[in-house]
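Chain by chain, the residues run as shown.
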Amino acid sequence: QDVEMSTDGIYILTILNGKLKVTPRQAMDVLALFADNDLEENIANAAGLHLNVWPNLEFQQMFKDAWRMLRDYFYDRELHSVDWDGIFDRYLPLVERCAKREELDDVLKQMIG
């Protein structure tokens, strides 16, 4: 059993008894969610639902997030003259070649070191 918000914040996604229920995030609809004990309304058809995962794109996003956090929030007096855009350009090609998460970790360690 799980409850999540859709990425756009418009719907509440509920999984109960193996059924995926989609409810608009409005007061009356949320009340109806709790009143529907049999889970008969707003059930999504999850048969044939597929999920595509592209690890390389995920690795690139993780790298960009780590680089941005380091650039924006890490402070050391010795880093005032660091060319952050140059570091990004230097390590991104290595990230694009990563096939496993461990390889991404190695690139992040090199970038931080």
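Right above here is the structure, for reference.
Here's a quick rundown of the structure.

Basis of the calculations
Residues numbered from 1 in each chain as written. Predicted model: local features only at pLDDT ≥ 70, side-chain atom pairs only at ≥ 80, totals over all residues. Heavy atoms only, no water. Helix = DSSP H or I, 4+ residues; strand = E, 2+ residues; numbered from the N terminus. Contact = heavy atoms within 4.5 Å. Pairing = 2+ DSSP bridges. Axes fitted to C-alpha atoms, helices over the stretch in contact; angles between N-to-C directions. Salt bridge = Lys/Arg side-chain N within 4 Å of Asp/Glu carboxyl O. Buried < 20%, exposed > 50% of the residue type's maximum accessible area, 1.4 Å probe, protein only.

1. Concerning the side chain of Ser6
The residue Ser6 is located in the loop between β1 (2–5) and β2 (11–16) in this model. Filtering out sequence-adjacent residues up to four positions away, Ser6 remains in contact with Tyr11 and Leu13.

2. Observations concerning the sheet that holds strand β3 (residues 19–24)
Spatial strand order, β1-β2-β3: three strands in an open sheet with antiparallel pairing. Each edge of the open sheet carries a strand with a single partner, namely β1 and β3. Put simply, the sheet's adjacent strands are angled 20° from each other on average, direction ignored. For β1 and β2, the ladder comprises four bridges, and the chain directions are antiparallel. Bridged to Glu4 within β2 is Leu13.

3. Description of the pattern of salt bridges
Summed over all chains, the structure comprises three salt bridges. Note that Asp65 is salt-bridged to Arg68, the shortest N-O span being 3.0 Å. Taken as a pair, Asp65 and Arg68 lie in helix α2 (residues 55–73) at a separation of three residues, close to a single helical turn. Asp65 gets classed as partly exposed once you look at its relative accessible area, which sits at 33%. The residue Asp105 makes a salt bridge to Arg101 at a minimum N-O spacing of 2.9 Å. Taken together, the residues Asp105 and Arg101, both in helix α4 (residues 101–112) and four residues apart, mark about one turn of the helix. Since its relative accessible area comes to 25%, Asp105 is described here as partly exposed.

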